[in-house]
Amino acid sequence: MNLAETVQRSAHVLPRFPGEKPLLLTRGRGSHVWDDQQRRYFDAVSGAMVVNLGYGNERLLAALVGQLEQLSYAHNGRFTSEATEALAERLAQRVGGRYRAYFCSSGSETIEAALRICHVYHAALGRSRPGVVAGRRSYHGASLGALWATGIERVRRPFAELVGSAIYVDECGCPKAGAGDCRDACVARFAHALDTHPEAGVLLVESMSANALGAVLPPANFLGAVAKAVRDRGRLLVLDEIATSIGRTGRDFAFQHTDATEPDLICLSKGLGVGYVNLGAVLIHERVAEVVVDSGVPLLGHTYNGHPGACAVGLEVLAILDEDGLVQRAAVAGRPVRERLRRLCRLPWVKDVRGKGLMIAIELARGEEPFAPSERIAVRTHRALLEEGLITLPGSGSVDGIRGDHVFLAPPLVASDADLDAMVEILEGFFGEFDRRFPSALEETLTVGTTT
């Protein structure tokens, strides 16, 4: 019996989505993966916005093996490694140099670590500010602290007794607004939340929403204004860049598309380990780090934080991004993809196409109205596209946390122009016959269209 047969017959893996049968993948190369039936798929979402440099990258594999042969582990409580120190320096250089890195093993861990660091900072200054202000439709991770800060109520609800709730504010998600159209009102909402909740020491926001809202980048002058409002009130701004860095949006970090400079803390993960290792980091500005260090309070950590092998891969990731010009490629390659996909907006079931770089969302709706959640349009679309050989990510709740469907795209930064063209052609063909595939979901659209 081969491995694939063993896995197929196993009933010992607890499924993440009860009732769903995961597709069994057996290998990957470049921007494609194959299942156990040898069907090939273009991975248009990079696994989970993570495999930015594709599958089977020999340089990353060599970097990992080389480091493991030299030094396979160093506990970061009492020891460090050359790879760990070098990666911290390289990351700091990408955000102006005035940062220290605290390494983690996942995106959720970076949120947890950032909240702990902020707590130590405020306590060292004699403040009791354990509260967090976060976006109402935000997603920050699956660990308890990250769930506490996550705004999407349907995600938190099953675990509400464990995590409680933070202070949730409607985020600055104005995908069709002109720059600055909604900035003042958005900033005022966050400032009001801080003013009325003196116990809140942290404002946690996604620089650009990933799958939660569907690739929404706030107006360019929003983050700078909100950062000033936070700093004027003696609080700390934490940017969640777990999915958007490094290079995904055509810049190292999504906040670099805005007027924000030197945020207090930045959380990153997916684009650092790119699916080869568990790696994340919190970048802490020196104005915060110095207070935390002087406090003398030990920061909790995990067994694999700052792992030499993971950090060696992270170093190689940065080298490949720079040598191959992949951050700029994301910016350049994403433009024609979005332009072609925006033509789909002429269809009554495609409400919007938006994004930055190679992070793109196609918003689906029944005319101007969202589909009913019971129709599960995003999931059904995902499954149908899978049959076409295209892996996408279904998104829901982008309108109000419950309603709102979209198809999320985040192809590898190394995807060829031919692969991106083929992806767009599949999507054009699929949405062109969307009414035939899902006639019952669109019946109301036709009825509304004929009513005076």
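Note that this is a predicted model, so its numbers are computed, not measured. Within each chain, residue numbers correspond to sequence positions counted from 1 in written order. It should be noted that, the model being predicted, local features are given only for residues of pLDDT at least 70 and side-chain atom pairs only at 80 or more, the latter also being counted only at that level, while totals for whole chains, interfaces and linings use all residues. To obtain the side-chain values, all non-hydrogen atoms of the structure were used and water was disregarded.

K.L.:
Quick question: what am I supposed to make of the pattern of salt bridges here?
P.N.:
Side-chain pairing between opposite charges can occur once the charged atoms of the two side chains come close. For salt bridges, the criterion is a side-chain nitrogen of Lys or Arg within 4 Å of an Asp or Glu carboxyl oxygen. The final tally for this structure, using the stated rule, is 29 salt bridges. With its nearest N and O atoms 2.8 Å apart, the salt bridge here joins D184 to R183. Residues joined in a network through salt bridges with shared partners are E388, E433, R436 and R437.

K.L.:
Can you help me understand the packing of aromatic side chains in this one?
P.N.:
Each aromatic ring pair is characterised by the separation of its centres together with the angle its planes make. Two rings belonging to Phe, Tyr or Trp (six-membered ring only in the last case) form a pair when the distance between their centres is within 6.5 Å. Interplanar angles under 30 degrees mark stacking, angles over 60 mark edge-to-face geometry, and anything in between is tilted. Taken as a whole and assessed by the stated rule, the structure comprises 9 aromatic pairs. Between Y73 and Y304 the ring centres are 6.2 Å apart and the planes differ by 75 degrees, which places this aromatic pair in the edge-to-face class. Within this pair, whereas Y73 is found in the loop between α3 (58–70) and α4 (82–93), its partner Y304 is found in the loop between α12 (286–295) and α13 (308–323), the two being separated by 231 residues in sequence. Buried residues are those whose accessible area, probed at 1.4 Å on protein chains only, stays under 20% of the maximum for their type, while exposed residues exceed 50% and partly exposed ones sit between those limits. Under the relative-accessibility criterion, Y73 is labelled partly exposed at 32%. Residue Y304 is classed as exposed on the basis of its relative accessible area, which comes to 52%. A ring pair is formed by F430 and F434, whose centres lie 6.0 Å apart and whose planes are at 75 degrees; its orientation type is edge-to-face. Each member of the pair F430 and F434 is classed as buried. In this structure, R27 packs its charged tip against the face of W34, placed 4.0 Å from the ring centre. Every helix listed is a DSSP run of H or I at least four residues long, and every strand listed is a run of E at least two residues long, numbered separately from the N terminus. In this analysis the charged atom, NZ for Lys or CZ for Arg, is taken to sit over a ring once it is within 6 Å of the ring centre and within 35 degrees of the ring normal.

K.L.:
Please clarify how the state of the cysteines should be interpreted in this entry.
P.N.:
By definition, a disulfide is the covalent link that joins the sulfur atoms of two cysteine residues. Criterion for a disulfide: a pair of cysteine sulfur atoms at a distance within 2.5 Å. Under the defined criterion, the tally for this structure stands at 0 disulfides. Looking at the unpaired C311, the closest cysteine sulfur is the one in C104, lying at 11 Å.

K.L.:
What exactly am I supposed to notice about empty space enclosed by the protein here?
P.N.:
Where empty space is left can be seen by rolling a probe of water-molecule size over the atoms. In the cavity and pocket records, a cavity denotes points on a 1 Å grid over the protein atoms alone where a 1.4 Å probe fits but cannot get out, a pocket denotes an open set with protein on both sides within 12 Å along at least 5 of 7 lines, and lining residues are residues with an atom within 4 Å of a point. Grid points are joined across faces, edges and corners, and a volume is the space filled by probe spheres set on the points. Across all of its chains, the model carries 1 cavity of 30 Å³ or more by this definition. Quantified by volume, the largest cavity comes out at close to 150 Å³. If you go around the largest cavity, you meet 16 residues; those closest to its centre are E171, C172, V205, E206 and P218. Considering each element in turn, the lining of the largest cavity owes the most residues, 3 residues, to strand β7 (residues 200–206). Think of it as three bins: nonpolar holds Ala, Val, Leu, Ile, Met, Phe, Trp, Tyr, Cys and Pro, charged holds Asp, Glu, Lys and Arg, and polar takes everything else, Gly as well. When its residues are assigned to classes, the lining of the largest cavity shows 9 nonpolar, 5 polar and 2 charged.

K.L.:
What should I look at first to understand unusual backbone geometry in this one?
P.N.:
Phi is mostly negative for residues that are not glycine, and the peptide bonds are mostly trans. With an omega of 0 degrees, the peptide bond running from S245 to I246 counts as cis. With respect to the secondary-structure elements, I246 resides in the loop between β8 (236–240) and β9 (265–268). Here the phi dihedral of Q38 falls at roughly 65 degrees; this positive angle occurs in a residue that is not glycine. According to the relative accessible area criterion, Q38 is partly exposed, its value standing at 48%. Positive phi is not limited to glycine here, since M49 has a value of about 60 degrees. By secondary structure assignment, the location of M49 is in helix α2 (residues 46–49). Under the relative-accessibility criterion, M49 is labelled buried at 8%.

K.L.:
Before we go on, may I ask you to explain the nonpolar core in this structure?
P.N.:
Across soluble globular proteins, nonpolar side chains show a tendency to be buried alongside one another. Of all hydrophobic cores here, the largest spans 89 residues; its most connected members are L91, L341, I362, M423, F431 and F434. With 8 residues, the top contributor of residues to this core is α13. Whether two residues are in contact is decided by their heavy atoms: any pair within 4.5 Å suffices. The residues contacting M423, other than those within four sequence positions of it, are F42, A44, V337, L390, L409 and P411. Buried residues of nine kinds, namely Ala, Val, Leu, Ile, Met, Phe, Trp, Tyr and Cys, make up a nonpolar core once their side-chain atoms join them within 4.5 Å. Among the nonpolar cores identified, the runner-up in size contains 29 residues, and A114, V120, A134 and I284 belong to it.

K.L.:
For this particular structure, what's the right way to read the environment of E286?
P.N.:
Within the secondary structure, E286 is located in helix α12. Of the residues examined, E286 reaches a relative accessible area of 27% and is grouped as partly exposed. A sequence separation of 187 residues divides E286 from Y99, and the C-alpha atoms of the two residues are 5.4 Å apart. Reaching out from E286, the side chain makes a polar contact with the side chain of R98 at a distance of 2.8 Å. Polar contact is defined as a pair of N or O atoms within 3.5 Å, subject to the rule that within protein one atom must be able to donate a hydrogen and the other to accept it, and that residues adjacent in sequence are counted only when both atoms are side-chain atoms.

K.L.:
What's the story with the packing of helix α9 (residues 183–196) against helix α10 (residues 222–232) in this structure? I'm lost.
P.N.:
Packed helices, taken two at a time, are described by the angle their axes make and the gap between the axes. Angles shown run from 0 to 180 degrees and are taken between the N-to-C directions of axes, each axis being a line fitted to C-alpha atoms and, for helices, limited to the stretch in contact. Close contact between α9 and α10 brings their axes to 10 Å; oriented N to C, the two are set at 25 degrees. Classified by the angle between their axes, α9 and α10 sit roughly parallel to one another. The two elements α9 and α10 meet at a crossing, and its hand is right-handed. Touching R183, C186, V187, F190 and L194 of α9 are F222, A225, V226, A229 and V230, all from α10. Of the residues contributing to the contact of α9 with α10, the split by class is 9 nonpolar, no polar and 1 charged. With respect to orientation, any angle under 35 degrees is reported as roughly parallel, any angle over 145 as roughly antiparallel, any angle of 65 to 115 as roughly perpendicular, and every other angle as oblique. Two helices crossing with the near one rotated counterclockwise from the far one by less than a right angle form a left-handed crossing, whereas a clockwise rotation gives a right-handed crossing.

Note that all results are geometric; they support no functional claim without further evidence.
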